[in-house]
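Descriptive analysis of the structure
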Amino acid sequence: MQPQALKHLHDDATRVMVVDGSRLVRKLIADVLQRDLPGVQVVGCASIEEARQALADGPVNLVTTSLSLPDGDGLALARTVRESAGQAYVPVIVVSGDAQSHLEQRRFTDYVTDYFDKSLGHEALAAFIRGYVQPAIIPGATLLYVEDSRVVAEATKRMLERQQLNVLHVMTAEEAVTLLTAESLGRNQHRIDLVLTDVTLKGELSGRDLVERVRVDFGYGKRRLPVLVMTGDGNPLNQTALLQAGANDLVLKPIEERLLVTKVLFQLRLSRLNPRSVV
């Protein structure tokens, strides 16, 4: 990833390409994007071939594509986007009804940036896209951050605090459980909106153990309390296990600031689309 190459929507001629075989879907996505992201130019394409022609007309800043297209699939389109972009990094989001399966089975390629579950709806998709091209700050949201390296923690905290987020840093999963218990009893000064944890921690509990405590012991669903897990483990089976244990998503190490911020802000926005009582 090259996050520094991503453009913000206040730049001129920001173009988002929406590739889907359904004209209705293309229009629905375009309407929401143009309403929520003033100044964005939406380029609608029905196929890989139309997308190639549009790419030849000029660069785009982000691409969304359905997994199945009339003349191929979204993964093939992602490769086409990468090849046409040269040195520029263009996020490619595959919109799929089976996104969770793709996440759990780690079916990412070097060409796909992320998968989005289309069952979440077009409003959530617009928020997701905005997270890549113009992250919306949520001032005052509180993150419970679990990291046992003070050096890593300080660097990551700076990334998050630049987004006006309140970061509660603890060194162990045991300390995190104590704070979550206090919150459940109404004793915390700040409501915890998201948990960000390393997978390997000092102490008896790991990051995966913490995820399981959040989901099972506290009974918090993914919308009620999102959990992001940071890991340097490239083993797909281990990554799948973390997601199946209840992590909303993974942040792969070494940490890239734009990707971390995008995932954090997206999960916060998605959580706030629903009442806190939602499991």
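The rules behind these values
- Residues numbered from 1 in each chain as written.
- Predicted model: local features only at pLDDT ≥ 70, side-chain atom pairs only at ≥ 80, totals over all residues.
- Heavy atoms only, no water.
- Helix = DSSP H or I, 4+ residues; strand = E, 2+ residues; numbered from the N terminus.
- Buried < 20%, exposed > 50% of the residue type's maximum accessible area, 1.4 Å probe, protein only.
- Contact = heavy atoms within 4.5 Å.
- Salt bridge = Lys/Arg side-chain N within 4 Å of Asp/Glu carboxyl O.
- pLDDT = per-residue confidence, 0-100.
- Pairing = 2+ DSSP bridges.
- Axes fitted to C-alpha atoms, helices over the stretch in contact; angles between N-to-C directions.
- Core = buried A, V, L, I, M, F, W, Y, C linked by side-chain atoms within 4.5 Å.
- Polar contact = N/O pair within 3.5 Å; in protein donor to acceptor, adjacent residues only side chain to side chain.

To continue, consider the overall build of the protein chain. Within the protein chain, the secondary structure is distributed over 10 helices and 12 strands. Within the protein chain, the fraction of its 279 residues that count as buried is 52%. Taking the intrachain contacts of the protein chain between residues at least 6 apart in sequence as the baseline, contacts between residues at least 24 apart amount to 68%.

The final tally for this structure, using the stated rule, is 11 salt bridges. Residues Asp217 and Arg213 are paired through a salt bridge, measuring 3.3 Å at the closest nitrogen-oxygen approach. Residue Asp217 and its partner Arg213 are both found in helix 8 (residues 207-217); the two are separated by four residues, about one turn of the helix. Overall, Asp217 belongs to the exposed group, its relative accessible area being 54%. It is possible to trace a salt-bridge network through shared partners that takes in Arg35, Asp36 and Glu123.

Bringing the confidence of the model for the protein chain into the picture now. This prediction gives the protein chain a mean pLDDT of 84; 86% of its residues lie at or above 70. Scored below 50 in pLDDT, residues 1-12 shows 25 contacts in the model against residues more than four places distant or in partner chains. Here residues 275-279 scores under 50 on pLDDT; set against residues more than four positions off or in separate chains, the count is 13 contacts.

Right, let's talk about the sheet that holds strand 6 (residues 92-96) for a bit. In space, the five strands of this open sheet follow the order 2-1-3-6-7, with parallel pairing throughout. Each having just a single partner strand, strand 2 (41-45) and strand 7 (114-117) make up the two edges of the open sheet. Going across the sheet, the axis of each strand differs from the next one's by a mean of 20 degrees, ignoring polarity. Note: strand 3 (residues 62-66) against strand 6, four bridges, orientation parallel. Its bridge partner lying in strand 6, Thr65 is registered against Val94. In the packing of helix 5 (residues 122-133) onto the sheet, contacts are made with strand 3, strand 6 and strand 7, and the angle to strand 7 comes to roughly 160 degrees.

Here we come to the nonpolar core. For soluble globular proteins, the rule of thumb is that nonpolar side chains tend to be buried together. Within the largest apolar cluster, 25 residues are counted, with the highest numbers of intra-cluster contacts made by Leu144, Leu180, Val195, Leu210, Val214, Leu225 and Val229. Looking at this core, the elements that each hand over two or more residues are strand 8 (142-146), helix 7 (173-184), helix 8, strand 11 (227-231) and helix 9 (236-245). For this core, the element with the most residues is helix 7, which contributes four residues. Ranked by size, the runner-up nonpolar core spans 23 residues in total, among them Val42, Val95, Leu125 and Tyr132.

Here Lys253 and Pro254 are connected by a cis peptide whose omega angle stands at 0 degrees. Relative to the assigned elements, Pro254 resides in the loop between strand 12 (249-252) and helix 10 (257-272).

What follows concerns helix 9. Of all the positions in helix 9, only Gln239, Thr240, Ala241, Leu242, Leu243 and Ala245 are classed as buried. You can read the cap of helix 9 off the contacts: a side-chain oxygen lies 2.8 Å from the backbone nitrogen of Leu237, and it is on Asn235. Where helix 9 terminates, the next one or two residues include Gly246, which has phi positive at roughly 125 degrees.

The strand order 9-8-10-11-12 describes an open sheet built from five strands, whose pairing is parallel. Each end of this open sheet is capped by a strand with a single partner; those strands are strand 9 (166-170) and strand 12. Between one strand and the next, the sheet's axes are offset by a mean angle of 20 degrees, whatever the strand orientation. In this structure, strand 10 (residues 194-198) lies alongside strand 11, joined through four bridges in parallel fashion.

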